[in-house]
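# Fold and contact review
Each chain, letter by letter, is given below.
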2 protein chains.
Amino acid sequence: MDGQISEPESLRALIEALRCLPGVGERSSRRMAYHLLQHDPQGAARLAETLLHAVEGIRHCRLCNGFSEEEICAMCSSSRRDPSLLCVVETPADQNMVEASHGYTGLYYVLMGRLAPLEGVGPDQLQFDRLLSRACEAKVEEVILATNFTPEGETTAHYLSELLRARGRKVTRLARGVPAGSELEYVDAGTIAWALMERRGA
Amino acid sequence: MDGQISEPESLRALIEALRCLPGVGERSSRRMAYHLLQHDPQGAARLAETLLHAVEGIRHCRLCNGFSEEEICAMCSSSRRDPSLLCVVETPADQNMVEASHGYTGLYYVLMGRLAPLEGVGPDQLQFDRLLSRACEAKVEEVILATNFTPEGETTAHYLSELLRARGRKVTRLARGVPAGSELEYVDAGTIAWALMERRGA
């Protein structure tokens, strides 16, 4: 035997499987495997169980496309949300951030991605037809586009805006501007330029 | 309902369980969970299976303390390794690096850690008695300390060196010096100082 040591097969398989996690390469997955086996076998067993449980139990809410264990998620079936507002976000993480602002009481649609033609993600992959039929329900009065302010997010918002306007929907976009609590000196020039263009009466 | 959205219970449990991985906090675990559920449920199921398999099947080799599925690992039972040399490393990752150097044909002892009194890791936690009885077997002629060149690794090497010398063993330490292929201009001063002190005839 020479070169790399011959690892136990089940250890090698675990190191390989950990690489399905985003941002985890060969070295991290190895460190994670060693850590779990040496210091936290209970945590590893619990992780295995929750993985299986989540993969089996979680599907997409028929209305908002977010993760849900039911056909319709708790938020979409809540009577305390305003059904005339529909906020379109890229991910559940973005949805969490909008909720954390305590500034929104309407419903959501979660795209689970954004247009990225180079990665093969187009309107079909994102099921834009589902979003359009949801957004065109009679009780929806305004669609708020809250995709990210990245090139892909902006493209997605622009594209959706065209489709929705063509169907006669009122469409708005989150305001761009100087972040709350920030000093102008440390804000990038592009943001200042937008904030100037979209200045409002004070 | 207001504030954070109410996540499905199985999603919340998965996000929590992923935090047992080293270096994974709230935000990363959330991103990992969303990724697995949205883009790689097969990977998640495979990860669950390999976790269970590894936690059940892997133990510590009776001789080298490394991970093994057998009582004695493949390397320790190999007839092609030199039993007169015993190299002490902190982790299996370090063992891999020594093997990758193709400069060593002896056997190993894996500490699975290093002395770190502030974290409550002392000689008992590292089972130094097991190492000592292994190192004092008659066929072992030299113990090579290959712990890291960090403060903890150096302390561990120093402590082990005292114990082993008191038992009459020949103990050596990996050489310190300028890394292969490096330019002096970019090597830190401490390394240069050591390389000067330990200079050899050319």
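Structure: see above.
What comes next is a walk through the structure. (Residues numbered from 1 in each chain as written. Chains lettered and ligands numbered in written order. Predicted model: local features only at pLDDT ≥ 70, side-chain atom pairs only at ≥ 80, totals over all residues. Heavy atoms only, no water.)

## Details of the overall build of chain A
Broken down by element type, chain A carries seven helices and six strands. Put simply, chain A runs from its N terminus to its C terminus through helices and strands in the order α-α-α-β-β-β-α-β-α-β-α-β-α. What you see for chain A is a C-alpha radius of gyration of 22 Å, clearly larger than the 17 Å of a compact globule of 202 residues, by over 25%. Taken over the C-alpha atoms alone, chain A extends approximately 75 × 45 × 35 Å along its principal axes. With the model as given, the accessible surface of chain A reaches about 11000 Å², and the carbon-plus-sulfur share is 53%. (Helix = DSSP H or I, 4+ residues; strand = E, 2+ residues; numbered from the N terminus. Rg over C-alpha atoms; globule rule 2.2 N^0.38 Å. Areas by Shrake-Rupley, 256 points an atom, 1.4 Å probe, with all protein chains shown as cover.)

## Things to note about the pattern of salt bridges
Residue and element names in this part refer to chain A. One pass over the full model with this rule turns up 24 salt bridges over all chains. Here Glu-99 makes a salt bridge to Arg-81, at a shortest N to O gap of 2.7 Å. Placement of the pair is Glu-99 in helix 4 (residues 92–100) and Arg-81 in the loop between strand 2 (67–68) and strand 3 (82–89), with a sequence separation of 18 residues. In terms of burial, Glu-99 and Arg-81 fall into one category: buried. The residue Glu-119 makes a salt bridge to Arg-114 at a minimum N-O spacing of 3.6 Å. Look at Glu-119 and you get exposed, because its relative accessible area is 55%. (Salt bridge = Lys/Arg side-chain N within 4 Å of Asp/Glu carboxyl O. Buried < 20%, exposed > 50% of the residue type's maximum accessible area, 1.4 Å probe, protein only.)

## Quick notes on the packing of aromatic side chains
All names here are of chain A. Here the structure, examined in full by the defined rule, presents six aromatic pairs over all chains. Relative to Tyr-159, the ring of Phe-128 has its centre 5.8 Å away and its plane inclined at 45 degrees; by these criteria the two rings are tilted. Here Phe-128, found in helix 5 (residues 128–135), pairs with Tyr-159, found in helix 6 (residues 151–166); they are 31 residues apart in sequence, far enough to count as distant. Overall, Phe-128 belongs to the buried group, its relative accessible area being 3%. (Phe/Tyr/Trp six-rings, centres within 6.5 Å; stacked < 30°, edge-to-face > 60°.)

## Here's the deal with the sheet that holds strand 5 (residues 142–145) of chain A
All names here are of chain A. If you trace the four strands from one edge of the open sheet to the other, you get 4-3-5-6, paired in parallel fashion. A single partner strand is all that each edge strand has here, and the edge strands are strand 4 (106–110) and strand 6 (171–173). Sheet twist, expressed as the mean angle between neighbouring strand axes with direction ignored, is 30 degrees. In terms of strand pairing, strand 3 meets strand 5 through four bridges, oriented parallel. The residue of strand 5 that forms the bridge with Leu-86 is Val-143. (Pairing = 2+ DSSP bridges. Axes fitted to C-alpha atoms, helices over the stretch in contact; angles between N-to-C directions.)

## A short note on the pairing of strand 4 (residues 106–110) of chain B
Residues and elements named next belong to chain B. Counted residue by residue, strand 4 has five buried out of five residues, so it is predominantly covered. With five bridges connecting them, strand 3 (residues 82–89) and strand 4 associate as parallel partners. Pairing of Leu-86 across the sheet is with Leu-107, part of strand 4. In this view, the connection linking strand 3 to its parallel neighbour strand 4 by way of helix 4 (residues 92–100) has right-handed handedness. (Right-handed = clockwise from strand over helix to strand, strands pointing away.)

## Digging into the sheet that holds strand 3 of chain B
Residue and element names in this part refer to chain B. Spatially, the four strands line up as an open sheet ordered 4-3-5-6, and their pairing is parallel. Two strands lie at the open edges of the sheet, namely strand 4 and strand 6 (171–173), each paired on one side alone. Geometrically, the sheet is characterised by an average inter-axis angle of 30 degrees between neighbouring strands, direction not taken into account. Its contacts with the sheet put helix 6 (residues 151–166) on strand 3, strand 5 (142–145) and strand 6, and the angle it makes with strand 6 is roughly 165 degrees. (Contact = heavy atoms within 4.5 Å.)

## Regarding the interface of chain A and chain B
Listed as interface residues are 59 residues of chain A and, on the opposing side, 59 residues of chain B. Across the interface of chain A and chain B, roughly 5500 Å² is buried in total on both sides, 70% from carbon and sulfur atoms. At the junction of chain A and chain B, the tally comes to zero salt bridges. The interface formed by chain A and chain B holds six residue pairs in polar contact (both at pLDDT 80 or more) in total. When residues in the side of chain A that touches chain B are grouped by element, the largest group, 13 residues, is from helix 3 (residues 41–57) of chain A. (Buried area = accessible area lost by both parts, 1.4 Å probe. Polar contact = N/O pair within 3.5 Å; in protein donor to acceptor, adjacent residues only side chain to side chain.)

## Here we look at unusual backbone geometry
Residue and element names in this part refer to chain A. One non-glycine residue, His-102, lies in positive phi territory at about 55 degrees. Here His-102 shows up in the loop between helix 4 and strand 4. Here His-102 falls in the exposed class, since its relative accessible area comes to 60%.

## As for helix 1 (residues 9–18) of chain A
The set of residues buried in helix 1 of chain A consists of Ser-10, Leu-11, Leu-14, Ile-15, Ala-17 and Leu-18 of chain A. One side of helix 1 of chain A carries all its buried residues, which in axial view fall inside an arc of 165 degrees. Those residues of helix 1 of chain A hidden inside the fold are in contact with helix 2 (26–39) of chain A together with helix 3 (41–57) and strand 2 (67–68) of chain B. (Arc of directions from axis to C-beta.)

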